[in-house]
Amino acid sequence: MKKKIFNFKNKKNKSKILSLTAYSKNIAKILDKYMDIVLVGDSMANVLYGHENTHKIKLENIIQHTISVKMGIKKSLLVVDMPKGTYDNLKSAEKNVKLVIKKTRCDAVKIESNKKNYKIIEKLTKKKIAVMGHIEVTRKFKRKLKVEAKTKLEASKLLKEAKLIQKAGAFSIVMECLSPESAKLITKKLDIPTIGIGSSKYCDGQILVTDDMLGTSGFYPKFVKKYVNLNRVIEKAVKEYSRDVKLSKFPSTKNFLNGN
Ligand code: KIV
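Residues numbered from 1 in each chain as written. Predicted model: local features only at pLDDT ≥ 70, side-chain atom pairs only at ≥ 80, totals over all residues.

*Asks:* How would you explain the site of the ligand if you had to name every residue and give the values?
*Replies:* Neighbouring residues of the ligand: Thr 21, Leu 39, Gly 41, Asp 42, Ser 43, Asp 81, Val 174, Ile 197, Ile 207 and Val 209. Broken down by class, the residue content of the shell around the ligand amounts to five nonpolar, three polar and two charged. (Near = placed C-beta within 6 Å. Nonpolar A, V, L, I, M, F, W, Y, C, P; charged D, E, K, R; others polar.)

*Asks:* Residue-level account of the domain arrangement of the chain, with values.
*Replies:* Here the chain is partitioned into domain 1 (5–228) and domain 2 (230–260). The centre of domain 1, based on its C-alpha atoms, is set 39 Å off from the matching centre of domain 2. (Domains from an automatic or database assignment.)

*Asks:* Account for the packing of helix 2 (residues 25–34) against helix 4 (residues 59–72), with residues named and values stated.
*Replies:* Taken N-terminus to C-terminus, the directions of helix 2 and helix 4 make an angle of 40°; their axes are 7 Å apart at the nearest point. Classified by the angle between their axes, helix 2 and helix 4 sit oblique to one another. As helix 2 runs across helix 4, the sense of the crossing is right-handed. On helix 4, the residues that touch Lys 25, Asn 26, Ala 28, Lys 29 and Asp 32 of helix 2 are Ser 68, Val 69, Met 71 and Gly 72. (Axes fitted to C-alpha atoms, helices over the stretch in contact; angles between N-to-C directions. Helix = DSSP H or I, 4+ residues; strand = E, 2+ residues; numbered from the N terminus. Parallel < 35°, antiparallel > 145°, perpendicular 65-115°, else oblique. Left-handed = near helix turned anticlockwise from the far one by under 90°. Contact = placed C-beta atoms within 7 Å.)

*Asks:* Run through the packing of helix 5 (residues 90–104) against helix 6 (residues 118–126), naming residues and quoting values.
*Replies:* Packed helix pairs are specified by the crossing angle of their axes together with the interaxial distance, meaning the distance between the axes. Two numbers describe how helix 5 lies on helix 6: the axes approach to 10 Å, and their chain directions differ by 45°. The orientation of helix 5 with respect to helix 6, classified from their angle, is oblique. Pair helix 5 / helix 6 crosses with right-handed handedness. For the pair formed by helix 5 and helix 6, the contact residues are Leu 90, Ala 93, Glu 94 and Val 97 on the first element and Lys 119, Ile 120, Lys 123 and Leu 124 on the second. Here the residues of the contact of helix 5 with helix 6 are counted per class, giving five nonpolar, no polar and three charged.

*Asks:* For helix 5, give the residues involved together with the corresponding values.
*Replies:* For helix 5, built from 15 residues, the straight-helix expectation of 21 Å at 1.5 Å per residue is met to within 8% by its first-to-last C-alpha distance of 21 Å. Regarding helix 5, the residues found buried are Ala 93, Asn 96, Val 97, Val 100 and Thr 104. Looking straight down helix 5, one finds its buried side chains confined to an arc of 100°; they lie on one side. The exposed residues of helix 5 that point more than 90 degrees off its buried face are Lys 91 and Lys 102. Where helix 5 is buried, its residues touch helix 4, strand 3 (77–81), strand 4 (108–112) and helix 6. Looking one or two residues beyond helix 5, the residue adopting positive phi is Arg 105, at roughly 55°. (Expected span 1.5 Å × (residues − 1). Buried ≥ 20, exposed ≤ 12 C-beta atoms within 10 Å, placed from the backbone. Arc of directions from axis to C-beta.)

Rendered as structure tokens:
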């Protein structure tokens, strides 16, 4: 059964929210079996397109990949990252978000906080558009990371920001690279679920960039657990294929369409 936004609010303090990113149908199909949320992240700028920062990704790229991901999704909530520059003011935010929803039939959009755009989130949520918030300072440039909110003052500033995002109507909030203390504080104080990346276990759920945990992105900060080194697996297969072709071992009669 398709997950509903309502279910996520109810998950707070009950069971962990599971989330990973996808940029294409085949990966989405696998994730859909296990994840509550599949995010089409602007991390595709670094991971797929080789850009130095996520700001370079265009709305049409995000839309195109989401159309592909949507084909693999039956039950998870499909969330789309709105690229930077597409929600700078109320008018463009509404126009671009509506375009994304129309073209992709996604369930929600993710809007990164710049500590000023709460009114934009509010306007969208008032129009019954589901919005996931995001507080962070990372992945902007060369995906360099630093832990945020180490001091009490910084933590309380982030808590204020998170509360304003909640007040604006967001149904959940991604927290990227926050210290364990601030992640714990914000998770405790908010009514909506928090989803952490590099922000310790003290969050209501977790998200990772799938390519990072599969070992294909080449980006492995400490907070990423590499569950498999797919680059190594792929290289082994490519090496075997080259050897087989050179030695005329491939294609064999088994690989002809009319072979046996
Ligand atoms: O773009 C992305 O993949 C993200 C995750 C890091 C949460 O925003």
